[in-house]
Amino acid sequence: MERKIALVAGLVGTLIVLPALAQNFGSPALIAAAKKEGKLVYYTANFAEVEQEVIKAFNKRFPEIKVEMVRAPGGQLITRVKTEAAAGKLAADVVDHSDRALMVGLLDLFQDYAPPNGADYRPDAMISPKLWPRATLVWSIAYNTELIKNPPKSWMDLTKPEYGNKQIGQVFAASGGTTWTRIMFERQVLGEDYWKKQAATDPVLYPSGAPTSDALVRGEISIAPLLYNIIYTKKKDGAPIQIFFPPEGAPVNPYASGVPKTAAHPNAAKLFLNWNLSVEGQTFMIKELGNLTSLKEVPVYPEGFDPKVVKVWLPKFEDYVKLHSAWVEEWNKTYNYRQ
Amino acid sequence: MHGQASLPRVLMSNRGGRTRHRLASGAWVALLLAILAFLVIYPVLMLLLGALTDTNPVVDGFGVFRLSVRNFITVLTNPNVGEALANTLIACGGGTVVAVVIGLAFSWIVVRTNTPCKRFIAAASILPLFAPPLVAGVAWVILGSPKTGLINTLFKWMNLDWRIDVYSLSGLVFVFGIYYAPYVYMFTASALRNMDPSLEEAAEVSGASAFATLFSVTFPLIMPAIISGMLLSFVVMLGIYGIPAVLGTPTNINVLTTYIFKLTNWSPPLYNTAAAVAIILMAVTGLLVYVQQIVLTGRSYTTVAGKAFRPRALDLGRWRWVAFGLAIVYLFVVVVLPTLALIVAAFRKFMFIRDAASLVDLRQYSLVHFHSIFDNPLTLDSIYNAVEVGVITAVVGGALAFAIGYTIHRTHLIGRRAIDLLSTLPVAIPGLVIGVAYLWAWIGLPGGLYGTIWILALAFIARFMPDTVKALSTTFLQIHRELEEAAWICGKGVLGTLRTIMLPLARPGVFAAMTLLFVLAIRELGSSLFLYTSNTMVMSVLLLDYYEGGNIGKTAAFSLVQTVLIGGLIGIANWLSAETSQGGVGRTG
């Protein structure tokens, strides 16, 4: 009899546990604790609009957990996190940042955390076992189809004089981690003199990808290297835009996201990150938001991305930290950008 | 309480009373100074500290001062800072000239002439005040971009060879000028309204032409208002980020504010350098305030006395239609065109406009951007929070400004000069940088101020104290002391005099100042950026999010929502003030 009960109990237990395991969002204990916490505060450097979609998708799965977001541009977010932490008032349960070099300085603030599928992630996309590449953004080139009849096909094409005279828009180098990745790629892969040749086309310089993408849609500029996720949603909505991944390579910038030691809602935070890092979360971000992923096995590629043709390019983290200030300064000189 | 020092001696009956008065007035000054120390000195010290070290005082601890002038030297020797400073002075100087011409012209037209539809012109003259700078900038980009601007598209369609380009210093001067004219208007309109017309009549009786009277009597008489309006508009332009950010970026024209923003936004952020640049900005402003003091010291500008009079309307004859035409043109350029631009952008799916025909292609228009902003739960939250902060700021800040203004202008208390100086100081500090200083200064305070709506309100009260105090000071300067003295002689105490004389007379001014404060608080972006938390997101921050998110459609849609909302709230305020007093906000500003 007792064995029977144990067997039934075991079966019931498995039945309860199984769906959760299958979707890999965390142990039932974690999910229950997260639901009990009921909310989390999410600090991100990504665009609020984009993250609103992520939160919505997460809430379809876990409607009981309210996600309160604070969004700030990279530099400001770091200052806020540092200052709040120093005053003992860090409100964040999750910190999500695009510039991994800046996050390295904050490692002590974070607790040990790994998602259930942690082993499925590329080690070269990570800078610490505590911080995870929740989002992985990829560079592409986009052009306005109403204005460009003979479109460029590669990174090198952006140096051609026919696209000169302020037709190309560029995000300036000091704007943050993602742009820094791109200019590193340009110099290390496309050649030492790529900047000089590109700058010779007299591009318009913008402070970040978002206004660049808007200028492209409006026709202020005709061509721009852009993070795929910024321009993809506009194309999806019907803007006169075409996007391609140049064959020389696709620079990617993985984020660094973690749970601070002081998190008031640690379980909800972990569940949120678990979902984001799960195949379901990553697939959602690839399909709906135009991200890439740092999973070793990519569940799906964005439209137009052929892994046989386009190689993903990840910067060496050591270079990423070491070369930054000297190269950015050189870039500014080359592009005659006044700091 | 605090008027005692100025009371005629006869009223002070005994020695004990005098000591009591002295104690009370000392306590009053100490209280005001303590409030100002908390709101102004403490954050400014943080800012100075930031400029002189390379540490974050909260993170690295207050003990770690690597005090050095390195930041300063780096900043002062950087040619780009010099260029940004030059651009700033040109843009703000030019903008101020435009603003004074427009503001003064309209205040005179509205108050002193028989131009038709004056109430309408009065309302139009202050409308630009409702538009947040970022919105104004975005609207003018849509209109005046050299490549895609709607005006240029229309010129092309009309086969005209004209082009306008707002991505330039002249574009900046133009947009600054038209948007900050209301500051000059507000000051000069209330001064003109309160001016005794007998002086003008005297000039005319002596044979001066209307024109000569205007320049030899009217304008000199309201000089403090003109100078205050001029100074305030210049200083406000100095601190504006939105307009130069949008118009200057495509051609890499830096002004000090956009330069500071860049420094705080770089990765890694350079706050200490930003603080050093901010100090330059403070120095420029400090100099201007000093000049104003020198110019205004030693003159009496009292024009409201105990006599009853009505401001007289000058008969312009046929010229009144020219004045009316000017008002229509101004309204068209400052309100109608940008609003149309925002409407086009808000309702159009994409802002790619091939030609004029595509502009009227109705298939391109939809409500998609409105759906999407109201689909975002943050939108309603941010509106609610902004209004709450606005009301707190207006009421508390208005009361504080009244207390400060009264102490400065109506008493001879020791310490009032210090109060004047301290309350003017924040005008010199750009919001972006003071935001960090507020964060540094107030985050560590016990009691959990950080993360509440109050930290935002306190920052706005501090930041806009100069605007409010200056707006009120015109009111105080114009009410003749003889009115108060009459009340004292009739046996009223200081509080009684305040209640029966000052408050009723100053009420339109106080109401106008509070409304101004409310609008400024709702629009304020720079200092909110560091102080808002997940549940205190305000409209201006969300608007920047939409703008930085690169969606001009949503930005325009939210701008329209914000503009309609502010307009509606001001309408209510105006109606309320009309209920309680003769002069409305629309009339006094």
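Residues numbered from 1 in each chain as written. Chains lettered and ligands numbered in written order. Predicted model: local features only at pLDDT ≥ 70, side-chain atom pairs only at ≥ 80, totals over all residues.

Now for the overall build of chain A. A count of helices and strands for chain A gives 13 helices and 11 strands. If one aligns the C-alpha atoms of chain A with their principal axes, the spans along those axes are about 85 × 45 × 30 Å. Put simply, chain A has 339 residues, and 53% of those count as buried. Restricting the contact set of chain A to residue pairs at least 6 apart, pairs at least 24 apart contribute 79%. (Helix = DSSP H or I, 4+ residues; strand = E, 2+ residues; numbered from the N terminus. Buried ≥ 20, exposed ≤ 12 C-beta atoms within 10 Å, placed from the backbone. Contact = placed C-beta atoms within 7 Å.)

To continue, consider the overall build of chain B. Looking only at helices and strands, chain B has 27 helices and zero strands in total. Per-residue burial for chain B yields a buried fraction of 54% across its 589 residues. Intrachain contacts of chain B at a sequence separation of at least 6 include 78% that bridge at least 24 residues.

Another point: the packing of helix α2 (residues 28-37) of chain A against helix α10 (residues 266-277) of chain A. Each pair of packed helices can be summarised by the angle the axes make with each other and by the distance between the axes. Residues and elements named next belong to chain A. Contact geometry of α2 with α10 gives a least axis separation of 7 Å together with a crossing angle of 115 degrees. Here the hand of the crossing between α2 and α10 comes out left-handed. Here L30, I31, A33, A34 and E37 of α2 come into contact with α10, specifically with N267, A268, K270 and L271. Broken down by class, the residue content of the contact of α2 with α10 amounts to six nonpolar, one polar and two charged. (Axes fitted to C-alpha atoms, helices over the stretch in contact; angles between N-to-C directions. Left-handed = near helix turned anticlockwise from the far one by under 90°. Nonpolar A, V, L, I, M, F, W, Y, C, P; charged D, E, K, R; others polar.)

Once that is clear, we can look at the pairing of strand β1 (residues 39-44) of chain A. Residues and elements named next belong to chain A. Taken across its six residues, β1 has five buried, putting it largely inside the fold. Sheet topology note: the β1/strand β2 (residues 66-71) ladder contains six bridges and is parallel. The partner of Y43 across the bridge, within β2, is V70. (Pairing = 2+ DSSP bridges.)

All names here are of chain A. Splitting chain A by domain gives domain 1 (2-135 + 255-289) and domain 2 (137-252 + 306-334). At the junction of the two partners, domain 1 supplies 12 residues and domain 2 supplies 11 residues. Looking at the side of domain 1 that touches domain 2 residue by residue, the classes come out as seven nonpolar, two polar and three charged. (Domains from an automatic or database assignment.)

With that settled, the discussion passes to the confidence of the model for chain B. Residue and element names in this part refer to chain B. Mean pLDDT over chain B: 80, with 88% of residues reaching 70 or higher. A low-confidence stretch, residues 1-13 stays under pLDDT 50, and its non-local contacts, those more than four residues away or across chains, total 28 contacts. Confidence drops under a pLDDT of 50 for residues 581-589, and excluding neighbours within four residues, the segment shows 29 contacts in the predicted structure. Here the prediction assigns the complex a pTM of 0.78, and the interface score ipTM is 0.74. (pLDDT = per-residue confidence, 0-100.)

With that out of the way, let us pick up unusual backbone geometry. The general pattern is negative phi for most residues beyond glycine and trans for most peptide bonds. In this model, N165 of chain A sits at a positive phi of 60 degrees, which is unusual for a non-glycine residue. On the secondary structure map, N165 of chain A appears in the loop between β4 (136-144) and β5 (169-171). Even without a glycine there, the phi angle at C117 of chain B is positive, about 55 degrees. Secondary-structure assignment places C117 of chain B in the loop between α4 (79-112) and α5 (118-126). Accessibility expressed as a C-beta count within 10 Å gives 13 for C117 of chain B, which makes it partly exposed.

Looking now at the sheet that holds β1 of chain A. All names here are of chain A. Across the sheet, which stays open at both edges, the four strands sit in the order β2-β1-β3-β10 with mixed pairing between neighbours. Where the open sheet ends on each side, the last strands, each with one partner, are β2 and β10 (256-258). Across the sheet, the axes of successive neighbouring strands diverge by a mean angle of 15 degrees, strand direction being ignored.

If you look at the interface, chain A gives 50 residues, while chain B gives 42 residues. Sorting the residues of the side of chain A that touches chain B by element identifies α3 (48-61), β2, α4 (74-86), β6 (204-206) and α8 (209-218) of chain A as the ones contributing at least two each. No other element matches the 10 residues that α4 of chain A contributes to the side of chain A that touches chain B. Partitioning the side of chain A that touches chain B into residue classes produces 24 nonpolar, 13 polar and 13 charged.

By size, the foremost hydrophobic cluster in this structure holds 288 residues, and its most contacted members are V175 and V277 of chain B. Both domains that furnish three or more residues to this core are identified here as domain 1 (2-135 + 255-289) and domain 2 (137-252 + 306-334) of chain A. (Core = buried A, V, L, I, M, F, W, Y, C linked by C-beta atoms within 7 Å.)

This paragraph deals with the confidence of the model for chain A. Mean pLDDT over chain A works out to 89, with 93% of the residues at or above the 70 mark. Note that residues 13-21 of chain A has pLDDT below 50 and, in this model, five contacts with residues that lie over four places away or in other chains.

Residue and element names in this part refer to chain A. Note that L295 resides in the loop between α11 (279-289) and β11 (312-313). Under the C-beta neighbour-count criterion, L295 is labelled buried, with 20 such atoms within 10 Å. Separated by 159 residues in the primary sequence, L295 and T136 have C-alpha atoms spaced 9.5 Å apart. Beyond its immediate stretch of four places on either side in the chain, L295 contacts D120, Y121 and Q282.

Residues and elements named next belong to chain B. Its place among the elements puts T500 in helix α23 (residues 494-523). Judged by local crowding, T500 falls into the partly exposed class, with 15 C-beta atoms found within 10 Å. For the pair formed by T500 and A99, sequence separation is 401 residues and the distance between their alpha carbons is 37 Å. If near-sequence neighbours (up to four positions away) are discounted, T500 is found in contact with A487 and K492.

Residue and element names in this part refer to chain A. Taking every second residue as pointing to the same face, both faces of strand β3 (residues 94-97) are buried, with V94 and D96 on one and V95 and H97 on the other. Here β1 runs beside β3; their pairing, made up of three bridges, is parallel. Bridge pairing in β3 links Y43 to V95.

Examined against the element boundaries, W331 of chain A turns out to sit in helix α13 (residues 324-334). Remark: the alpha-carbon pair of W331 of chain A and R187 of chain A, spanning 144 residues in sequence, is separated by 9.9 Å.

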